[in-house]
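Okay, here's what each chain looks like letter by letter:
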Amino acid sequence: GAVLFLGLKEEDNSLSVSKSHFQGNVAVDGAAIRATGTGIDIRGCLFSENFATSDWAIIIRPAEEVTIADCQFMFHKMSDVRVEDSVAVTITNSSMSRLEVVNTVVLVIDTCRFSNNGGLSDSSALYLQDSYVVKVDSCFFSNNTALTPGSALHMIDCYSASIKPF
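If you're wondering where the values come from, they're calculated on a predicted model, not measured in any experiment. (Residues numbered from 1 in each chain as written. Predicted model: local features only at pLDDT ≥ 70, side-chain atom pairs only at ≥ 80, totals over all residues. Heavy atoms only, no water.)

## Details of the pattern of salt bridges
All chains considered together, the criterion is met by five salt bridges. A salt bridge links arginine 61 to glutamate 84, with the nearest nitrogen and oxygen atoms 3.3 Å apart. Remark: glutamate 84 occurs in strand S10 (residues 81-92) and arginine 61 occurs in strand S8 (residues 58-69); sequence separation between them is 23 residues. Where glutamate 84 meets arginine 82, a salt bridge forms, and the shortest distance between an N and an O atom there is 2.4 Å. Its relative accessible area of 12% is what places glutamate 84 among the buried residues. In this structure arginine 82 comes out as buried when scored by relative accessible area, which is 14%. Put simply, Arg61, Arg82, Glu84, Arg98 and Glu100 are held in one network by salt bridges that share partners. (Salt bridge = Lys/Arg side-chain N within 4 Å of Asp/Glu carboxyl O. Helix = DSSP H or I, 4+ residues; strand = E, 2+ residues; numbered from the N terminus. Buried < 20%, exposed > 50% of the residue type's maximum accessible area, 1.4 Å probe, protein only.)

## Quick word on the environment of threonine 67
Within the secondary structure, threonine 67 is located in strand S8. What makes threonine 67 buried here is its relative accessible area of 17%. Considered as a pair, threonine 67 and serine 18 are 49 residues apart in the sequence and their alpha carbons are 11 Å apart. Not counting the four nearest positions on each side in its chain, threonine 67 is found in contact with Ile40, Asp41, Ile42, Arg43 and Thr90. (Contact = heavy atoms within 4.5 Å.)

## Some points on a nonpolar patch on the surface
A grouping of Val87, Val105, Val106, Tyr132, Val133 and Tyr159 is seen on the molecular surface, where their side chains present a nonpolar patch of about 530 Å² in accessible area. Breaking the nonpolar patch down by element, the ones donating at least two residues are strand S12 (99-110) and strand S14 (126-137). Relative to the elements of secondary structure, tyrosine 159 occurs in the loop between strand S16 (153-156) and strand S17 (160-164). For tyrosine 159, a relative accessible area of 53% corresponds to the exposed category. (Patch = residues over 30% accessible without salt bridge, like charges linked within 9 Å, V, L, I, M, F, W, Y side chains within 5 Å. Areas by Shrake-Rupley, 256 points an atom, 1.4 Å probe, with all protein chains shown as cover.)

Dropping the structure here:
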């Protein structure tokens, strides 16, 4: 991938990426960014036409705090973002076709657009699993398809969820 960041647990290892364009990157996973660390902050970026053989333009696992804000994901043949095993995840004002978040403590998704998800296997536009506090607010879902229920939103074992319409 274009960026590989493996933070060490002994130190405050944070990654900040802003105002960048990732296009045409290829990797096994995390074609544009693969990261782990105490803080991952991605803002104002454009991700287009990245390809990973196992999936995901961005994969983050694990991290204490993850912020993705004001980003746009376009023309990927796989999922756009996957975040695993993280404490606090905040995704705001971004557009993508597919977001997967698994095993988080607090997840906030606000003012995001999920559209044109391709319908690969269980690929809901927003797939959430094993998260404790989930808040989805003012998001827009359009033209999403999946082979299993929940083409827009699929939640498994999320304990406290609040979904508010656009």
